[in-house]
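# Notes for the structure review
These are the residues of each chain, in order.
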Amino acid sequence: MFHTVLVANRGEIACRVIRTLHAMGIRSVAVYSDADDGARHVREADTAVRIGPAAAAESYLKIEAIIRACKDTGAQAVHPGYGFLSENVEFARALAAAGIAFIGPGIESLEVMGDKIRSKNHVAGYGVPVVPGIAEPGLTDEDLISAAAAVGYPLLIKPSAGGGGKGMHVVERPEDLPATLATARRVAASAFGDDTLFLERLVMAPRHIEVQVLADGHGNVIHLGERECSLQRRHQKVIEEAPSPLLESMNDGGVTRARIGEAACQAARSVHYSGAGTVEFLVSDNAPDEFFFMEMNTRLQVEHPVTEMVTGVDLVEWQVRIAAGEVLTVAQDDVVLEGHAVEGRVYAEVPERNFLPSSGEVVLLDERGIIFTALADLDSASPASADPHIRIDSSLQTGLEISSDYDPMLAKVIAWGPDRQSALDKLDTALGRYTVLGVGTNVEYLRLLINDDDVRAGRLDTTLIDRKMPSLTFRSAGDAELMAAALQFWVMDEGPDGVASPWDTVRGWRLGRPAPWRMSFGLPGGDLATVAVTWQSNLDLGHALVRVNDGPEYKVMVLGLASSSIDLDVDGQEFTFALGSFWEDYPREGRPQNVYVGSGGWSCGLEVLNRESRLARVLAAIEREVGAADPEVRSPMPGTVVSVSVHDGDTVEAGEVLLSVEAMKMEHQLVAEVAGTVHITVRTGDLVKADQVLATIHADPAADNAQDPAADKSEPTIQDPTHERKGA
């Protein structure tokens, strides 16, 4: 067995691998870029080595830096996690040449399964069913366009070297194919260094079902059941579960499970696979007994915890043991699926803004939900916050800066129950108590999704999220949330105890009626709100009459105030909110620039307004009222300009695409809000900050004159201070 293993990854997967290495008594080595100096995986490892600057190409993807770190620390083996170099055959070769074990499959497996075209043709020769399509090396755009009619529409463009949904595009009409191919090639070349594409028939009502396999170097191959990963957004998984509700609902589900499991094992045998791997299949909801091979992921999957929770098998431990040459002692008959497990991926993104990536500093973290755990639970033998059937794989820590340098996934919340409904209920409870403030997340969205009627009934397919999204209603900051944000400062502003001047108090003492204490906030979307607090002079501090803007007056009592939360009674209704604050400068003096409020998995950032910033918000609101569109095109997040569609001085129309910015593995198109002459200030390849002006449009006077302000009350795009701060 190895005595030292280097983990060539970052984030939650690095933390998860290190956890098992510690349990096995193996010394762990972390690597980190400049952006991850002080990160959680660095802190949890036995030792850590810096490997380069923030850019992945200069750090986590730099093979020679990883090998040098192995030699410097005496690491005998490397666990690659997933992503980065986990499926890179050149990395495996370099490790072998250096005498370092690769905790993953052999060269043959990586070569065959790493090429989506080759793997599809390869497994078909071993009797594994594949989706109809065209998959040949070296196909040009013209070749693909010519073959598309035979494949049939709608079809799916896939990158041969791809994975994780990156670069996949749906095409429904022949006229859309040429432009979509150009985009797909650009994304594939940028992400994988290979722009080879192929086409597949798009299976209608598709379900994504994958099978976990384990194989050793002695000829033993088993599967550990299937996972359902049909709930996807932009071809990236959001919710995963084991076992599949589709197979569980079938009269002969056990037979189908055995068939699809054997097909996965056959795919593994065909390349003499060793280690943990996943074979992905596409299954039509209309014909659930049929399944088609999509690809084999020659690594650990993000969603592996759900399999571990229903089988009791530590997949990372077996990866290490198999790489060390041990025999797989788990037989197929030993694999029993107990209960049901569901996983929700926590992303740094804003679902209500088309899943725009978010960035910022984590100012409050309570992943186990101590803030929102009922007092009765705290006295029990097993409080909800310590439930062994709730697992959280995370890399988050207070003070962590979330940037656009890497993938937006922050953590995973996994819940187990004796059946599917109880597992979903437990996950909903865990997500409701999960709190991260300072960066926008999709936690509220996950709760909406797992409580959808179709999801609860197991009626899943890979297009469900797209269909459901328009009908979802997202929470926004209301009066109670705004009062919570303000009252923490009202209480702290109370003057000194004892004899003091009546002018040194927030109680508003004066001759006659007390004057209200006021605090103004900038809301996401550009609006503002002012909270006015009047102390009830006949009661102790904490009792007040509170009004938000020109709304009703509430009788409010502050029941409790801690550094991370506030408890309120508002007209007889009790609320608990998590609280966080952000200061741009150190040392922290005066009021913060932003405050954060959260509960039930939802959170919101509010800009603390001074006189100048409040005036700016008022003027912006006036412009919106008269229908003025913003001539400045700003980047919604930090990222890289990947394409510029127009030239400086071109005449553009409203809605025309000007340029694209890529961040966190996603490409975002920025469009003109008004017609006119465009002035471009960036070039392809430029790194840009959040809220940076990338283009300015000098509006066409004729268009301005033709516009009826009263007829168009549309709101221009306004940057959300919750998630995009200047310089973030």
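Residues numbered from 1 in each chain as written. Predicted model: local features only at pLDDT ≥ 70, side-chain atom pairs only at ≥ 80, totals over all residues. Heavy atoms only, no water.

### Some details on the overall build of the protein
Put simply, the rule reads: Note on conventions: DSSP H or I runs of at least 4 residues are helices, E runs of at least 2 residues are strands, and numbering of each starts at the N terminus. Burial here depends on accessible area, computed with a 1.4 Å probe over protein chains only, as a share of the maximum for the residue type. Under 20% is buried, over 50% is exposed, and the range in between is partly exposed. Contact criterion: two residues are considered in contact whenever any of their non-hydrogen atoms come within 4.5 Å of each other. In these tables, accessible area is a Shrake-Rupley quantity obtained with a 1.4 Å probe, and a residue counts as shielded only by the protein chains included in the view.
Of the regular secondary structure elements, the protein holds 20 helices and 39 strands. By residue count, 54% of the 728 residues in the protein fall in the buried class. When contacts within the protein are restricted to residue pairs at least 6 apart in sequence, those whose partners lie at least 24 apart make up 64%. Only carbon and sulfur atoms are counted for the fraction: they give 50% of the accessible area of the protein, which is about 29,700 Å².

### Focus: the side chain of glutamine 232
The condition that has to hold: As used in this structure description, the phrase polar contact means that two N or O atoms lie within 3.5 Å; if the pair is within protein, one of them must be able to donate a hydrogen and the other to accept it, and residues adjacent in sequence are counted only when both atoms belong to side chains.
As for its placement among the helices and strands, glutamine 232 is situated in strand S11 (residues 221-233). The exposure class assigned to glutamine 232 is buried, which follows from its relative accessible area of 7%. A polar side-chain atom of glutamine 232 sits 3.0 Å from a polar atom in the side chain of histidine 208. Of the polar contacts made by the side chain of glutamine 232, one reaches the backbone oxygen of cysteine 229; its length is 2.8 Å.

### Points about the nonpolar core
We apply this condition: Take the buried residues of types Ala, Val, Leu, Ile, Met, Phe, Trp, Tyr and Cys, join any two whose side-chain atoms come within 4.5 Å, and each joined set is a nonpolar core.
Of all hydrophobic cores here, the largest spans 36 residues; its most connected members are Tyr434 and Leu449. If we ignore the near neighbours within four places in the chain, the residues touching leucine 449 are Leu231, Val238, Ile239, Val455, Leu464 and Ile465.

### Focus: unusual backbone geometry
Between tyrosine 153 and proline 154 the backbone carries a cis peptide bond, its omega angle lying at -5°. Summarising the element assignment, proline 154 is placed in the loop between helix H7 (141-151) and strand S7 (155-159). In the segment running from alanine 242 into proline 243, the intervening peptide bond is cis, with an omega of -5°. Relative to the assigned elements, proline 243 resides in the loop between strand S12 (236-242) and helix H9 (245-249). A positive phi angle is found at aspartate 571, which is not glycine, with a value near 50°.

### A look at the packing of aromatic side chains
Convention followed: The aromatic pairing rule takes the rings of Phe, Tyr and Trp, using the six-membered ring of Trp, and pairs them if the centres are within 6.5 Å, calling planes under 30 degrees apart stacked, those over 60 edge-to-face and the rest tilted.
Inspection of the entire model under this criterion finds eight aromatic pairs. Measuring from ring centre to ring centre gives 5.4 Å for phenylalanine 281 and phenylalanine 291, while their planes differ by 80°; the resulting arrangement is edge-to-face. Taken together, the residues phenylalanine 281 in strand S13 (residues 275-284) and phenylalanine 291 in the loop between S13 and strand S14 (292-297) connect sequence positions ten residues apart. Judged by relative accessible area, which is 0%, phenylalanine 281 ranks as buried.

### Side note on the sheet that holds strand S6 (residues 133-134)
The following threshold applies: Any two strands are treated as partners once DSSP identifies two or more bridges connecting them. In this analysis, axes come from line fits to C-alpha atoms, helices being fitted only over the stretch in contact, and the angle between any two N-to-C directions falls in the range 0 to 180 degrees.
Taking strand neighbours across the sheet as the criterion, the four strands line up as S6-S9-S7-S8 in an open arrangement whose pairing is antiparallel. With one partner strand each, in any of the chains shown, S6 and strand S8 (169-171) form the two edges of the open sheet. Judged from the two bridges that link them, S6 and strand S9 (residues 197-201) form a sheet pairing that is antiparallel. In the sheet register, glycine 133 faces S9, and the bridge partner there is glutamate 200. Set on the sheet, H7 makes contact with S6, S7 and S9; between it and S9 the angle comes to about 15°.

### A word on helix H8 (residues 177-192)
So the rule is basically this: Every helix has an expected span of 1.5 Å times one less than the residues it contains.
For H8, spanning 16 residues, the distance from its first C-alpha to its last is 21 Å, which sits close to the expected 22 Å at 1.5 Å a residue. For H8, the complete set of buried residues consists of Leu177, Thr180, Leu181, Ala184, Arg185, Val187 and Ala188. Elements that come into contact with the buried residues of H8 comprise H7, S7, S8, S9 and strand S36 (666-671). The first or second residue beyond H8 is glycine 193, which carries a positive phi of 70°.

### Considerations on the sheet that holds strand S37 (residues 676-680)
Across the sheet, which stays open at both edges, the four strands sit in the order S32-S39-S37-S34 with antiparallel pairing between neighbours. Strands at the two margins of the open sheet, each flanked by one partner only, are strand S32 (632-634) and strand S34 (651-652). Taken together, the five bridges between S37 and strand S39 (residues 693-699) define a ladder with antiparallel strand orientation. The residue bridging isoleucine 680 from the neighbouring strand is alanine 695, located in S39.

### Remarks on helix H10 (residues 253-270)
Its 18 residues give H10 an end-to-end C-alpha distance of 26 Å, which sits within 8% of 26 Å, the value for a rise of 1.5 Å per residue. Taken together, the buried positions of H10 are Gly253, Thr256, Arg257, Ile260, Gly261, Ala263, Ala264, Cys265, Ala267, Ala268 and Ser270. At the exit of H10 stands histidine 272, carrying a positive phi of roughly 50°.

### What about the pairing of S13?
When you tally the buried positions in S13, you get ten out of ten residues, the bulk of the element. The sheet contact formed by S13 and S14 spans five bridges and is antiparallel. Pairing of valine 279 across the sheet is with methionine 296, part of S14.

### Considering the packing of helix H5 (residues 107-114) against helix H6 (residues 116-124)
The line we're drawing: Should an angle lie under 35 degrees it is considered roughly parallel, over 145 roughly antiparallel, and from 65 to 115 roughly perpendicular; all remaining angles are considered oblique. In this count, Pro and Cys sit with the nonpolar residues alongside Ala, Val, Leu, Ile, Met, Phe, Trp and Tyr, while Asp, Glu, Lys and Arg are called charged and the others, Gly among them, polar.
In contact at an axis separation of 5 Å, H5 and H6 are set at 100° when each is read in the N-to-C sense. With respect to their mutual orientation, H5 and H6 come out roughly perpendicular. Residue-level inspection shows Glu111, Val112, Met113 and Gly114 of H5 in contact with H6, the latter providing Lys116, Arg118, Ser119, His122 and Val123. The residue inventory of the contact of H5 with H6, partitioned by class, reads three nonpolar, three polar and three charged.

### Concerning the pattern of salt bridges
The condition that has to hold: One speaks of a salt bridge when a side-chain nitrogen belonging to Lys or Arg is within 4 Å of a carboxyl oxygen belonging to Asp or Glu.
Applying the stated criterion across every chain yields a total of 46 salt bridges. We note a salt bridge from arginine 456 to aspartate 425, for which the minimum N-O separation is 2.7 Å. A residue pair is termed long-range when its members are at least 10 positions apart, and arginine 456 in helix H16 (residues 453-456) and aspartate 425 in helix H14 (residues 420-433) qualify at 31 residues. What makes arginine 456 buried here is its relative accessible area of 16%.

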